[in-house]
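Chain by chain, the residues:
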Amino acid sequence: MSHMGLSTFETVAIWAVFGIAIVGLLYAIYLRSQILSEDKGTERMQEVWGWIRDGADAYLQQQLKSILPFVAVLTVALFFSVYIVPPTPEALLRFKDMEPGQISLTLGLARAIAFVMGAGFSLTVGQIGMRMAVQANVRVASAARTSFSDALRIAYRAGTITGMLTDGLGLLGGTVIFMWLGIAAPDALLGFGFGGTLLALFMRVGGGIYTKAADVGADLVGKVEQNLPEDDPRNPAVIADLVGDNVGDCAGMAADIFESYEVTIVSGLILALALWHHTGRLEWIIFPLIVRGIGVLASIIGTYAVKSDAKEGGDAMKAIFTGFFTSAVISSALFYLAAFFYMNNDGIDQWGGWWRTPTAVFVGVALAIGIDRLTEYFTGTHAEPVNDIKKSADTGSATLILQGTAVGFESSVWSILIIALTIIASIVIFGTIPGVEGTDRVHFILYGVAMAGIGMLTLTGNNVAMDSFGPIADNANGIGEMSWTGKEKEENASAQQIMADLDAVGNTTKAITKGVAIGSAVIAAVSLFGSFLVDVSRTQAGMGVPLAEQIQSVGIRVDMPQVFVGMLIGGAIPWLFSSFAIQAVSRAAALIVKEARRQFGLGVLDGSVEPDYRQAVSISTTAAQKELVSLAVIGVVAPIVVGLALQVEALGGFNAGLILSGQLLAVYLNNAGGAWDNAKKLVEDEPSSIENNTGKGSERHKASVVGDTVGDPMKDTAGPALNPMIKVANLVSLIIAPVVVKYADATGGTAVGVWVTVVVLIGILVWAIKRSKATAPEIAVAE
């Protein structure tokens, strides 16, 4: 870091951030020891838990085998990607004693290593987080027999382990790369962010297909056809359903938020470098790292605010939000304090004063709280939207689905308006600096947007804990349902109610964290869009293009036909992606329904034959692995084709269309599905009476189950997977943009090579589409 001329305070601050990352990881280890010391319940509870654990481990091992070859190919591609264009001015300054060829070799290795590091960290967060959730679920079920407060504490702190892994590894990776490369760090950080994002996409897609194929199949054949209760041990798909909660929500969501955590810091540092060039101030670069360190400490403190003294019937949602709000208040106060002591100087005063940057970060925290409250309103069991859906069950599944669809549409509008206000706030904060005009003003505003994104994910530890809480509570409920029968079931009635209450809250917390993930995806994508403009202009300047003709001066103009075409294509990609993801769930769920019907026919319902849980697990695993690479290819290859075929302006239009369309669709899918799920739970909580058409087994209940099964792949497969897909496409655009600029006016053999590449990539896209539409193979029935 010596080449940057850091002050003593800045050097100490960066090492302190590094130390805080280690503290976050050590705290995760400490919580792990706490969770593992809790009681695991009866032998039967541990037997059911063992089935879940084995199924989850087997899936993750199979998933790893499917994605490693793709990761290997991209590692090589990223190594060579830096050779196509000359080193950046920052790289030349950082390695001023090296020849350009040596610089390219160093940066190529750095980007490839960072990519592997990002992918490895994302995988680690997902896999360890999921395994800790599996360890916790049986312990929550056991604790619920005696205390609501203990069950809540174990479930939330187990989720916090994943949150601290996300915080710690994310902060550690970004800080180490910055300490190594200094102002040349964005070259490698692009690889780090891309690795984390790609693995998140794999884990989101695979886990989402697995969990919802099992869930939809289990609900349709169990609840609707046979009137079986939730998680009835006679349902052959019940273990696959419980396994799916872990591989989808725990592993997938943890990796998803990890990559959001990284992408915001990548875009923030790229834009900070643009401000550094203009102002000569390092504060723009160092302060985002300080913010991240503050966030880790605030999340740790907030963990201890999540508590309840109730033995039964406590308010879990209130306790969880208290922890989140506590962390938000502490972190916001520390943002301003850190900025006052670090940025309150004459150098920053020339650019509007020290208060602007922490205010932008605070706006991000406020955005997270706003989306939290908005999502709870549209998906929570106490608010009007979900109760209106419940009421619509009186007239059947059609009206219930229509009402849920309307709720999802409306929620998407308010969500995007909140995000729009966040961007407007950045314009107000950074767009009013005296003397800053033109492209410099745009850079300041986009930096403000990036800082809002960093602020939004400051409380990543809390967000991931809230998300993991959901599947932990769901699995605990399932273990209790499968383990307790007869007199034991009656004795544990209060425990079942505690777990049912925690499960309902878990549905809301999952919806909230998905809303935060979607919002962060849009903010991060807007920041990356700004980084895209900066990088393209920098490449154009290196090629001698006059400032007036560079993209940051001209802008992305929608009156250019190729830009509009790019927008249309980008806007269509989320719909194609979601279509294939939902089709995959539908096909696999149909196979599970057929398999469950076959086993029912053999005598599983009357107990003469034991259910074979392995068949549904195999069906879900096969369906998930089939889609992993093909759906990832769409996100990786599509922007390259648009850029090479239609030029860099069209690639900018592609990203704009993708961001807008993806945001609206993702929020709709997430909130409509979450609202249907909780409406079903409200119906199930009613006194059961066939005569009065209330509660479990009634026609209203069947209608609500149909709505829930329609919403399942929307909220847990397609919607969440759009988050990493949007960022994968934006990061690929950022990486490929200099190449597109370099070969924009290629002639002769070079032009032929470019178009041959385009044709080959289109062929790969066609293969991916055909593979996604192909029917999954039937699973051989064990004799």
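On a predicted model such as this, the values are computed, not experimentally measured, just so you know. (Residues numbered from 1 in each chain as written. Predicted model: local features only at pLDDT ≥ 70, side-chain atom pairs only at ≥ 80, totals over all residues. Heavy atoms only, no water.)

Draft legend 1. Representation of a nonpolar patch on the surface. Among the surface-exposed residues, Val76, Phe80, Tyr83, Leu105, Leu109, Ile113 and Trp180 lie close enough to one another that they form a single nonpolar patch of about 660 Å² accessible area. Secondary structure elements with two or more residues in the nonpolar patch: helix 2 (43-81) and helix 4 (100-143). It is helix 4 that provides the largest number of residues to the nonpolar patch, a total of 3 residues. Among the secondary structure elements, valine 76 is positioned in helix 2. Among the residues examined, valine 76 registers a relative accessible area of 46% and is labelled partly exposed. (Patch = residues over 30% accessible without salt bridge, like charges linked within 9 Å, V, L, I, M, F, W, Y side chains within 5 Å. Areas by Shrake-Rupley, 256 points an atom, 1.4 Å probe, with all protein chains shown as cover. Salt bridge = Lys/Arg side-chain N within 4 Å of Asp/Glu carboxyl O. Helix = DSSP H or I, 4+ residues; strand = E, 2+ residues; numbered from the N terminus. Buried < 20%, exposed > 50% of the residue type's maximum accessible area, 1.4 Å probe, protein only.)

Draft legend 2. Looking closely at the nonpolar core. Phe194, Ile239, Trp284, Phe287, Phe430, Leu502 and Phe532 are the most contacted members of the largest nonpolar core, which totals 261 residues. Among the elements that make up this core, the one with the highest residue count is helix 20 (residues 613-684) (34 residues). Excluding anything up to four places from it in sequence, phenylalanine 532 contacts Ile551, Val648, Leu651, Gly652, Asn655, Ser733, Leu734 and Ala737. (Core = buried A, V, L, I, M, F, W, Y, C linked by side-chain atoms within 4.5 Å. Contact = heavy atoms within 4.5 Å.)

Draft legend 3. Representation of the packing of helix 2 against helix 4. Direction vectors running N to C along helix 2 and helix 4 enclose 170 degrees, while the axes themselves pass 11 Å from each other. Taken as axis vectors, helix 2 and helix 4 run roughly antiparallel relative to one another. Across the contact of helix 2 with helix 4, the residue classes break down as 19 nonpolar, 7 polar and 5 charged. (Axes fitted to C-alpha atoms, helices over the stretch in contact; angles between N-to-C directions. Parallel < 35°, antiparallel > 145°, perpendicular 65-115°, else oblique. Nonpolar A, V, L, I, M, F, W, Y, C, P; charged D, E, K, R; others polar.)

Draft legend 4. Here's a closer look at the packing of aromatic side chains. As enumerated under the stated definition, the model contains 23 aromatic pairs in all. Ring centres 5.0 Å apart and planes at 80 degrees place the aromatic pair tyrosine 377 and phenylalanine 378 in the edge-to-face group. Given the relative accessible area of 40%, tyrosine 377 is considered partly exposed. Phenylalanine 378 gets classed as buried once you look at its relative accessible area, which sits at 3%. When the ring centre of tryptophan 49 is taken as origin, the NZ or CZ atom of arginine 53, which lies over that ring, is 4.6 Å away. We note arginine 373 situated over the ring of phenylalanine 321; from NZ or CZ to the ring centre the distance is 3.8 Å. (Phe/Tyr/Trp six-rings, centres within 6.5 Å; stacked < 30°, edge-to-face > 60°. Lys NZ or Arg CZ within 6 Å of the ring centre and 35° of its normal.)

Draft legend 5. Summary view of helix 17 (residues 493-542). With 50 residues, helix 17 should cover 74 Å at 1.5 Å per step; its first-to-last C-alpha distance of 71 Å lies within 8% of that length. Counting buried positions along helix 17 yields 42 of 50 residues, so the element is predominantly enclosed. At the C-terminal side of helix 17, glycine 544 shows a positive phi close to 90 degrees. (Expected span 1.5 Å × (residues − 1).)

Draft legend 6. Spotlight on the environment of isoleucine 659. Mapped onto the secondary structure, isoleucine 659 falls in helix 20. Residues isoleucine 659 and proline 574, 85 residues apart in the sequence, show an inter-C-alpha distance of 9.1 Å. If sequence neighbours within four positions are ignored, isoleucine 659 has contacts with Val522, Ala525, Val526, Ile726 and Asn730.

Draft legend 7. Structural context of the environment of valine 526. Summarising the element assignment, valine 526 is placed in helix 17. You can call valine 526 buried: its relative accessible area is 18%. Between the C-alpha atom of valine 526 and that of alanine 679, which follows or precedes it by 153 residues, the distance is 34 Å. Once residues within four sequence positions are removed from consideration, valine 526 is found in contact with Ile423, Leu446, Val449 and Ile659.

Draft legend 8. Fine view of the pattern of salt bridges. Tallying each qualifying case throughout the model produces 27 salt bridges. The salt bridge involving arginine 111 is made with aspartate 187; its shortest N-O contact spans 3.8 Å. Of this pair, arginine 111 sits in helix 4 while aspartate 187 sits in helix 6 (residues 185-226), placing them 76 residues apart in sequence. Overall, the relative accessible area of 12% leaves aspartate 187 in the buried class. In this structure, aspartate 712 engages lysine 212 in a salt bridge whose closest nitrogen and oxygen atoms are separated by 3.6 Å. Pair noted here: aspartate 712 is in helix 21 (residues 699-742) and lysine 212 is in helix 6, with a separation of 500 residues, a long-range link.

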